[in-house]
Structure formats: C-alpha cells, structure tokens
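Here's the letter readout for the chains.
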Amino acid sequence: MELSSPFISLQKPKPYSCPTPDLSFSSSFSPFPLQIQFKNSKSTSPKSPKFRIFAVAVDPKELPQNSPQRLLKELAERKKITSPKKKFPPKKFILKPPLDDARLAQRFLNSPQLSLKSFPLLSSCLPSSRLNNADKAWIDEFLLEAKQALGYPLEPSDQYGDDNPAKQFDTLLYLAFQHPSCERTNARHVRSGHSRLGFLGQYVLEFALAEYFLQRYPRESPAPMRERVFGLIGKRNLPQWIKAASLQNLVFQFDEMDRLVRKEREPPVKEVGDNVHKIYEKDAFIYGLFSDRSHLSLLGYRFLPVEPGVVSVFWALFGAIYLCYGMPEVYRVLFEVFGMDPEHEDCQPKLRRQLEDVDYVSVEFEDKKISWQDVATYKPPEDALFAHPRLFRACVPPGMHRFRGNIWDYDSKPQVMQALGYPLAVTDRIPDITKARNIELGLGLQLCFLHPSKYKFEHPRFCYERLEYIGQKIQDIVMAERLLMKHLDAPGKWLQEKHRRVLMNKFCGRYLRDKYLHRFIVYSEQVQDSYEHNRRLRNPATTAVQQAIHGLSYLVYGKPDVRRLMFEVFDFEQIQPKPVSRP
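Peer 1: Go over the environment of Gly198 with me, naming the residues and quoting the values.
Peer 2: With respect to the element layout, Gly198 can be found in helix H6 (residues 188-216). Overall, Gly198 belongs to the buried group, its relative accessible area being 6%. In this structure, the C-alpha to C-alpha distance between Gly198 and Gly319, residues 121 residues apart in sequence, is 6.4 Å. Among all residues touching Gly198, those that are not within four sequence positions of it are Ser312, Trp315 and Ala316.

Peer 1: Explain the nonpolar core to me, and be specific about the residues and the numbers.
Peer 2: The biggest cluster of nonpolar side chains holds 138 residues, and the ones touching the most others in it are Phe177, Phe314, Phe338, Leu420 and Phe449. Here the element with the most residues in this core is H6; it accounts for 14 residues. Setting aside chain neighbours within four positions, we find Phe338 in contact with Trp241, Ile242, Ala244, Ala245, Leu247, Phe314, Leu317, Phe318 and Val333.

Peer 1: Outline the pattern of salt bridges, listing residues and values.
Peer 2: Considering all chains together, one arrives at 27 salt bridges under this definition. The closest approach of N and O atoms between Asp383 and Arg429, which form a salt bridge, is 2.5 Å. You can see Asp383 sitting in the loop between helix H14 (372-377) and helix H15 (389-395) and its partner Arg429 sitting in the loop between helix H17 (413-420) and helix H18 (431-448), a full 46 residues away along the chain. The class of Asp383 is partly exposed, set by a relative accessible area of 35%. Between Glu465 and Lys456 there is a salt bridge, with its nearest N and O atoms 2.9 Å apart. With a relative accessible area of 17%, Glu465 lands in the buried category.

Peer 1: Help me get a handle on helix H5 (residues 169-176), residues and values and all.
Peer 2: Across the 8 residues that make up H5, a large majority, 8, are buried. Residues Phe169, Asp170, Thr171, Leu172, Leu173, Tyr174, Leu175 and Ala176 constitute the buried set of H5.

Peer 1: Run through the packing of aromatic side chains, naming residues and quoting values.
Peer 2: Counting across every chain of the model gives 22 aromatic pairs. Put simply, the rings of Tyr212, Phe213, Tyr217, Phe335 and Trp372 touch in pairs and so form one group of aromatic residues. Over the face of the ring belonging to Tyr152 we find Arg332, whose NZ or CZ atom lies 5.3 Å from the ring centre. A cation over a ring is seen here: Arg390 above Tyr378, with NZ or CZ 4.2 Å from the ring centre.

Peer 1: Describe in detail unusual backbone geometry, supporting the description with residues and values.
Peer 2: Most of the time, phi is negative for any residue but glycine, and the peptide bond is trans. Looking along the chain, the bond that leaves Tyr422 and enters Pro423 is cis, with omega of -10°. By the secondary structure assignment, Pro423 is in the loop between H17 and H18. Within the chain, Asp571 stands out as a residue other than glycine whose phi angle is a positive 55°. Overall, Asp571 belongs to the buried group, its relative accessible area being 4%. Unlike most non-glycine residues, Gln574 shows phi in positive territory, near 55°. Assignment of secondary structure puts Gln574 in the segment after helix H25 (559-569). Residue Gln574 is classed as partly exposed on the basis of its relative accessible area of 38%.

Peer 1: Please set out the side chain of Asp476 residue by residue, giving values where relevant.
Peer 2: Among the structural elements, Asp476 can be located in helix H20 (residues 465-486). Here Asp476 is buried and forms no salt bridge, its nearest opposite-charge partner Lys473 lying at an N-O distance of 4.9 Å. With near-sequence residues (within four places) excluded, Asp476 lies in contact with Tyr203, Glu206, His499 and Leu503.

Parameters at a glance
- Residues numbered from 1 in each chain as written.
- Predicted model: local features only at pLDDT ≥ 70, side-chain atom pairs only at ≥ 80, totals over all residues.
- Heavy atoms only, no water.
- Helix = DSSP H or I, 4+ residues; strand = E, 2+ residues; numbered from the N terminus.
- Buried < 20%, exposed > 50% of the residue type's maximum accessible area, 1.4 Å probe, protein only.
- Contact = heavy atoms within 4.5 Å.
- Core = buried A, V, L, I, M, F, W, Y, C linked by side-chain atoms within 4.5 Å.
- Salt bridge = Lys/Arg side-chain N within 4 Å of Asp/Glu carboxyl O.
- Phe/Tyr/Trp six-rings, centres within 6.5 Å; stacked < 30°, edge-to-face > 60°.
- Lys NZ or Arg CZ within 6 Å of the ring centre and 35° of its normal.
- Lys, Arg positive; Asp, Glu negative; His and termini not counted.

Encoded structure:
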C-alpha cells in the first residue's frame, strides 16, 4: 500500500505571483513513500496559492500489468527466491560472553559431577546438569528393555546406597544409548556425557581383552593377540554384536540398522548374486594388486560402511559398566551377553612363521586355556607377591631366573631402580615376601630392557614385547581417567585429541631418554652398531621400554604405581618445573 501526495495547483497562477513548482518529498518510510519533485528550482514566494492535497492508497496487486512499480516489485521477489542464502558462521565460531564468577561457580556446584566425593571418576562421567523431563521420559520407556537385554535387575538403581557406585547405573545407561544420530543429542549434557563415556569405554575394552589374551595364550607374541582383539571388537564387527544382544531397536528406534546411510567405511566385500562374501586373509593379495577402490569396484566388490552410532553406543556401554560394576562385569557382558567367541574363525590371526619356544611357562598355564570366567573371578591370594600375580607369570617367563647375578643385574639395575624410585615401601606380614618381590622386580626390570634382537630368536619370550603390550593399554586407561577427572566440562572428542597428543610414541621415548635410562637397553651387537651410526633408529626401542616399565609396575604394584610413574617420575603432563642449567 502506497501513499502518494502530489501537490498540484488546480488554478492558474496570477500574473503577479511566482510560478508554482511541483513538489515531491521522498521519504524512507515504507510502505508510504512521499515523493516531491522540483520542476522549478527557483524559490517560492511566501504568498503562494492555496493547494489541494490528495492522499491515494494503491494496492500493488491492483497496479496495471505494465506498471514500473509492479515490475520492480516482482523482480525483487524473484531475487529473494533465487539468490543463495547467506552462510552464517558455525555456532562454535560465534563468541559468547563468558559467565561471571558467581554464575560459573553456581553452575558447577549444582552439577551432578561434583555430587560423589567417594567416586571421583564416576562422578566426572555423570551429566553436567540434572536430567530433565525429556530424559526421564526415555528412561521410563526404554531403560527396562536395555537392562533386561544386558541381564541386570529391573528395579531402579536409585534404591542402592550412596556408597554403592551402581546407584548411578540408570543415568549412565541412559547416556550410553544417546548416540550422535538420535534426537536427544542436541542437549549439551546428553551429548557431552555420551562422548565422555565412549572415550573411556574404548580403552576399557582394549585393556580387558589384552589381560585376557595374555593369560589365555602365554606363549604368543603381541602381534597375533592384537589381531584377535581387532577381530572381536573391530568397528566392522560391532553391528553384529549389537544385534546378537537384541539392542538394535534401542540404538535405532525408528530405522532398520542394516539400511541406514552410513559414514565410516570398512574393508570391501564381494557380492555374488544375493550373497555377500567378505574378503578374508586368503584374499588379501587384492589389496596389493589393486590399491584403488575404483579397481575393486570393477571386479564386483563394494564397500560396506559402519554406522558411527553403533560404535559409540558399544564403547559407552562398557564405560558405564566399568564405572558401576568393575572389570569382572565387563567380561560377563562381552562373552555372555554379546556372545563373543575367541575361537571363532573371524578372529583368528593370520598365519605367520612361529619361533620355537623351548622355555617353560608357569604351572597354572600348562595344558590349560584360561577362560573368561577364570579371569573375571580371579582373586589373588592373601600373601601374594604382586598385585596381579597370574598376569605377572604370563608376562615374565620363569626362565628369567637364569639372568640373576649377571653384569646388568649388578651394574645397571641399581641405577634404574634409583631413577624409578624402586623398591616401594610395602609392609608385608612375612619379611621373606618382601625379599622375593624385590628379586622378581629386578628380573622384570631386566626383561623390560631386553631388546628383541638379543635373545628373541632362541627364546621368543625373553624380550619386552608382552610387557610393552600390557603397558601400552594401562597407560591409555590411566591417562583417560586422568583427563576425565581433570576436565569436567570437556566433550569426548576434545579429550580424545588431548589423549592422543599426550601419549604420542615420540614423547614416551623422550621421557625415558630425559631420565638417561636408554643407556641400559641391551641390544645385539649388530643392532648396537647400527644405532651408533644413526641415533634416531633407537627411538622406537626407547618408546617400547618405557611402556614395558609401566606394564611391569602395574603387574607388581598395581594401578596407583602406574600413576606415580606417569605423573611424578616421567611427568607426562609436563607440569613439573624443569632444572635450569647455568653456564
């Protein structure tokens, strides 16, 4: 609607008066533009003739077809439709004013993450704010089905006492199912809580299976065990475990899991008619001949992807179970609920040349394969030498006693033990237990510094490889727990990146070299000569020795000593003051 006001004189001007101009005032107030046009630039006389003012309201739809105003308006509407939308920056780049101290303190004090003083790790994985009505509606509708599928009692976990970590199980189980593709992930406390549980759960799974396979296969090197672990909990196999436990309807309530549009990819499979055949190790030559996916597609292979929601739910489930019930319950859910079989064809390692192992194993491993029930229910004797005696016997062979009294034992061991703060002061009921523990600790340290080039070809287990394997996993889980308790408001993706940067292999080896412990590694003469010519070749060995030391500390003294080595001796976080060297 427009309001036009042309000031037009309806009578002829008198001879003594100045000619009356046509005035038009232009105003920016739409939709009532007031236009004034000056046809005569001369100033008007103070005695001007009388005017008549007409106000005409015009509907733009009623304008004639050839009206310029109508054409301009249609053109403007077309531009609005066809012009691309403005690209606003993502929300993460939009700066928000920080909370003031009072509101920030109130937010943290009201957070459930500070509610449990006796369980700091469990408390750090709770949601950052209290659950709302939408969260409770999901719990009321689906939680009973999830607990029944996992084999847990159906009554609410709130009935447990405050000293029982299982009291928070309902909350953590709810967070575990809220993967990034579900509708509740828009809430910050749900999205962050799920990612933090998944961040912890992946290291819990790897650590649990490493302990299990080290005891089940006491003569194997870590390479076949890593392949077994990948065959069980690799990303491409997780959907079948979710379906085996009948949890797919909880993960994807409105879609069929097998027909989802997915983002991550797994190795190719070949379609023959209606059947899909996976590529196993016997077909691995294809990767060498055809490294490009286009070549594989020409042969009839296609790539089956993996839904990322399945992976995060699987990891987060075991993070919640580990926090509330501990490691024995992790084994039960893995092998009983999900039905994992370590002897299945898909998780067998590829064939490789095996070195003949002529050395003895501990008596408890002879003619017997340790089952998951044995690992889950094992409790060390009251007067045990170590925190994990059976795992120690699986990693340190009995034949290491032949090295007692050698040159390394007298020359290098005292310096290594002094640098690491060993032996720790432990009060035992019998003094002989302390003496025996210190002897075994010295043999374990000598094994940590034995490079595979020295004795592995004659005695495959006389090297640091098995200790390095368990040490790497205990480092991962200890650092994950540390980051979770230190950064309460950080999402899991940020923690994952921080974890990766802190535990990079080059840093692990550097921390060992900073303590000048690389001088005590025992190499073969040929390897020693090559390392003297190129010092960088020794860096992977120093990394492996450092991880083996952490594995030994876990077996002998437990997880608290691993924390002491990581954050006090080697200073993984690099927060301790450095000595200043003056010229």
